[in-house]
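Residue-level listing of the chains:
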Amino acid sequence: MMIKPIQFNLQRQQWLHRWVLGGMAAIAGMALSIGLHLPVQAQIAPQAGGDTTLNIRSSQAFAQPAPNLDEFWDERHAAGDLAFEAAFVTAPANVNPGLGPLFNSSSCVACHFNNGRGLQEKGQRVVRVSQLDRAEKTPLPVRQVYADEIIAPSANTPPVLGMGTQVQEQGIYGYPPEAIVDVTWQEQPGTYGDGTSYTLRSPQTTLSHWDGSPLPEGVVISNRIAPGVFGLGLLEAVPEATILQAADPEDLNGDGISGRPNRVWDVVQQTDVLGRFGWKANAPDLLQQSASAYANDMGVTNPLFPAVDGTEDIDMDILEAATIYVQTLAVPSRTGLNDAQVQQGERLFADANCAACHLSTLRTGTHDIPALTHQTFHPYTDLLLHDMGTELADNRPDFQASGAEWRTPPLWGLGLVQTVLPYSTYLHDGRARTLEEAILWHGGEAEASKEAFRTMDTGDRDAIVAFLESL
Ligand code: HEC
Ligand code: HEC
Ligand SMILES: [Ca+2]
Ligand SMILES: [Ca+2]
Ligand SMILES: [Ca+2]
């Protein structure tokens, strides 16, 4: 296991540095000479987010400003906090007008509760649709009011008549929702290698029109919960070359794991660029992810996605504020670094080749926000797409992502997910009620890793979960 010693050395250096600066070189020297028996390691904050790491593991753990922001960015973060929490209302109104007319929720935080993930329910999820049997890119006689009805030149998600590419489940007065979304859970049994049985559940998502009129044929549905939004500035600041280096599209090293970058439409540059955000990496950066959230999730038109008549519900200042907020959140520190079970789990995580996709360590290049520049951090993602098998497949391609591919999600903060929002679940559609279930759904490129986990004895499985919960 290579990573941890490196991480420890880095932290030990920083820790020592501080003591030396404080004029306490003698004590630091003492600590060094006495070595591992001093509680030195216990005092070192695990730097999950580099210098943006904060030692907090409460329900507010995802909602803190990065501790290394300077005064200028700290103030902008505070302004962004207000934007992220602002609940929009039907226009005209004095405060935050412009909700809808069609929308999924009225504020960012309503879906990203406490900046963490959302539940699998109306008002928190997003259901994407497309009509794959339509000739690609054929314009549709839709209202052309929403960004999700405007087709990017390189998109392969033909919009559904009257629905575009995203189902707005709510509307302001006089605007019926585009569809009623119904989720029922289907259970399936499974057995661990040691004979212990388990039950998995997956959502069956169906759509119907509020007035009972039939849906068009051949609508493909992709149901997604909202992921957490902390640490994303660091992921944005990772140089493209680093991400492409980890890709192995033809699996030349023969480990069964490929990893492909998505290439997605950039509405600012009007060209295809690397995709990084969203469950299929279908958004290029945090500004466009936020702009699209305003337009599609809240019906709030903005400079990147104006209404067809050219009007905008919010200006660039608000859009940038929300973007800066998600760029500058602290990453909560790891826990349990000295716990033997957690350490065993971390070794097993490496042995089972989980780390081939969930890369433990990345380094940022430069970013407009100095606090994000040149940071070594531990997100456990490669930001690449992986074929996860037929059971997780939504069968809805999204730019270069196939119907079976998903972007490796970061695993940091995983142990806090249910502290931040009780009853939270895992995976893109929230089907996994526990971390064990999340792993057991892995297939495709991750089939061997999943099998390694499934056939471990209870102690080893518990250790992997203890490790995940320490993140
Ligand atoms: C209706 C619920 C909803 C609302 C409202 C919403 N989001 Fe999201 N958000 C989601 C979902 C669902 C995803 C995943 C989308 C996907 O994979 O296609 C997401 C993804 C994101 C991501 C990418 C996270 C990652 O790890 O890749 C960011 C950043 C984000 N949202 C920010 C915002 C901001 C800022 C706002 C307010 C302007 C907002 N969201 C409003 C549901 C919502
Ligand atoms: C081939 C790449 C790959 C490998 C190998 C892999 N994963 Fe994953 N992992 C993913 C992807 C992609 C997802 C998202 C799938 C989805 O949401 O449908 C994911 C999701 C998860 C999640 C849920 C995260 C969340 O935010 O809900 C956990 C937990 C997880 N993986 C743990 C593991 C463990 C433990 C192993 C090793 C036993 C492992 N993974 C091996 C790619 C991989
Ligand atoms: Ca509006
Ligand atoms: Ca729509
Ligand atoms: Ca490979």
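Residues numbered from 1 in each chain as written. Chains lettered and ligands numbered in written order. Predicted model: local features only at pLDDT ≥ 70, side-chain atom pairs only at ≥ 80, totals over all residues. Heavy atoms only, no water.

Draft legend 1. Seen up close, the overall build of the protein. Counting its secondary structure elements, the protein contains 14 helices and 15 strands. Within the protein, contacts between residues separated by at least 24 positions form 67% of all contacts whose residues are at least 6 apart in sequence. Carbon and sulfur atoms provide 54% of the accessible area of the protein, an area that totals close to 20,100 Å². (Helix = DSSP H or I, 4+ residues; strand = E, 2+ residues; numbered from the N terminus. Contact = heavy atoms within 4.5 Å. Areas by Shrake-Rupley, 256 points an atom, 1.4 Å probe, with all protein chains shown as cover.)

Draft legend 2. Expanded view of the pattern of salt bridges. For the coordinates displayed, the defined rule picks out 15 salt bridges. A salt bridge links Glu187 to Arg433, with the nearest nitrogen and oxygen atoms 3.7 Å apart. One end of the pair, Glu187, is in strand β6 (residues 180-191); the other, Arg433, is in the loop between α11 (417-420) and α12 (435-440), with 246 residues separating them in the sequence. What makes Arg433 partly exposed here is its relative accessible area of 31%. Note that Arg433 is salt-bridged to Glu437, the shortest N-O span being 3.1 Å. Relative accessible area serves as the criterion here: at 10%, Glu437 is assigned to the buried category. Among the charged side chains, a network of salt bridges with common partners joins Arg224, Lys280, Asp394, Arg396 and Asp398. (Salt bridge = Lys/Arg side-chain N within 4 Å of Asp/Glu carboxyl O. Buried < 20%, exposed > 50% of the residue type's maximum accessible area, 1.4 Å probe, protein only.)

Draft legend 3. Fine view of the site of ligand 2. As a structural note, the neighbourhood of ligand 2 is formed by 27 residues, with Cys354, Cys357, His358, His428 and His442 the closest of them. Between ligand 2 and the protein, one listed contact pairs an oxygen atom with a side-chain N or O atom of Arg117 at 2.8 Å. One nitrogen or oxygen atom from the side chain of His442 is found 2.8 Å from a nitrogen atom belonging to ligand 2. Those elements that place two or more of their residues in the shell around ligand 2 are β15 (405-407) and α12. (Near = heavy atom within 4 Å. Polar contact = N/O pair within 3.5 Å; in protein donor to acceptor, adjacent residues only side chain to side chain.)

Draft legend 4. Quick look at the packing of helix α4 (residues 71-85) against helix α9 (residues 316-327). Contact geometry for α4 and α9: axes closest at 7 Å, N-to-C directions at 110 degrees. Accordingly, the angle class assigned to the pair α4 and α9 is roughly perpendicular. Of the residues in α9, those in contact with Trp73, Arg76, His77, Ala79, Gly80, Asp81, Ala83 and Phe84 of α4 are Ile318, Glu320, Ala321, Ala322, Ile324, Tyr325 and Val326. (Axes fitted to C-alpha atoms, helices over the stretch in contact; angles between N-to-C directions. Parallel < 35°, antiparallel > 145°, perpendicular 65-115°, else oblique.)

Draft legend 5. Expanded view of the site of ligand 1. Taken together, 28 residues sit near ligand 1, with Cys108, Cys111, His112, Arg128 and Gly278 positioned nearest. The separation between an oxygen atom of ligand 1 and a polar side-chain atom of Arg224 is 2.7 Å. In this structure, an oxygen atom belonging to ligand 1 sits 2.7 Å away from a main-chain N or O atom of Trp279. Those elements that provide at least two residues to the shell around ligand 1 are α5 (108-111), β3 (126-131) and α8 (286-298). By residue number, the principal contributor to the shell around ligand 1 is α8, which donates seven residues. Tallied by class, the residues present in the shell around ligand 1 amount to 15 nonpolar, eight polar and five charged. (Nonpolar A, V, L, I, M, F, W, Y, C, P; charged D, E, K, R; others polar.)

Draft legend 6. Representation of the sheet that holds β3 in the model. Strand order in the open sheet formed by three strands is β4-β3-β8, with antiparallel pairing between adjacent strands. Looking at the sheet topology across the chains shown, the edges are occupied by β4 (166-167) and β8 (219-224). As paired elements, β3 and β8 share six bridges and run antiparallel to each other. From the neighbouring strand, Gln131 faces β8, where its bridge partner is Val219. (Pairing = 2+ DSSP bridges.)

Draft legend 7. Just the packing of α8 against α9, in detail. At a minimum axis separation of 9 Å, α8 and α9 run at an interaxial angle of 120 degrees. Here α9 runs oblique to α8, going by the angle between their axes. In this structure, α8 meets α9 at a crossing whose hand is right-handed. Counted together, Leu286, Leu287, Ser290, Ala291 and Tyr294 of α8 and Met316, Ile318, Leu319, Glu320, Ala322, Thr323, Val326 and Gln327 of α9 form the full contact between these two elements. Among the residues forming the contact of α8 with α9, the class breakdown is nine nonpolar, three polar and one charged. (Left-handed = near helix turned anticlockwise from the far one by under 90°.)

Draft legend 8. Quick look at the nonpolar core. Membership of the largest hydrophobic core comes to 56 residues, with the highest contact counts inside it found for Phe88, Leu235, Tyr294, Phe377 and Trp412. Secondary structure elements with two or more residues in this core: α4, α6 (232-236), α8 and α9. In contact with Tyr294, not counting residues within four places along its chain, are Ala83, Phe88, Gly299, Val300, Asn302, Ile314, Ile318, Leu319 and Ala322. With 35 residues, the next largest nonpolar core counts Val342, Ala446, Val465 and Phe467 among its residues. (Core = buried A, V, L, I, M, F, W, Y, C linked by side-chain atoms within 4.5 Å.)

Draft legend 9. Quick peek at the pairing of strand β7 (residues 197-208). Pairing geometry for β6 and β7, over twelve bridges, is antiparallel. Counterpart to Trp185 in the pairing with β7 is Pro203. The turn linking β6 back onto β7 is made up of five residues, and Gly195 within it adopts a positive phi angle of 95 degrees.

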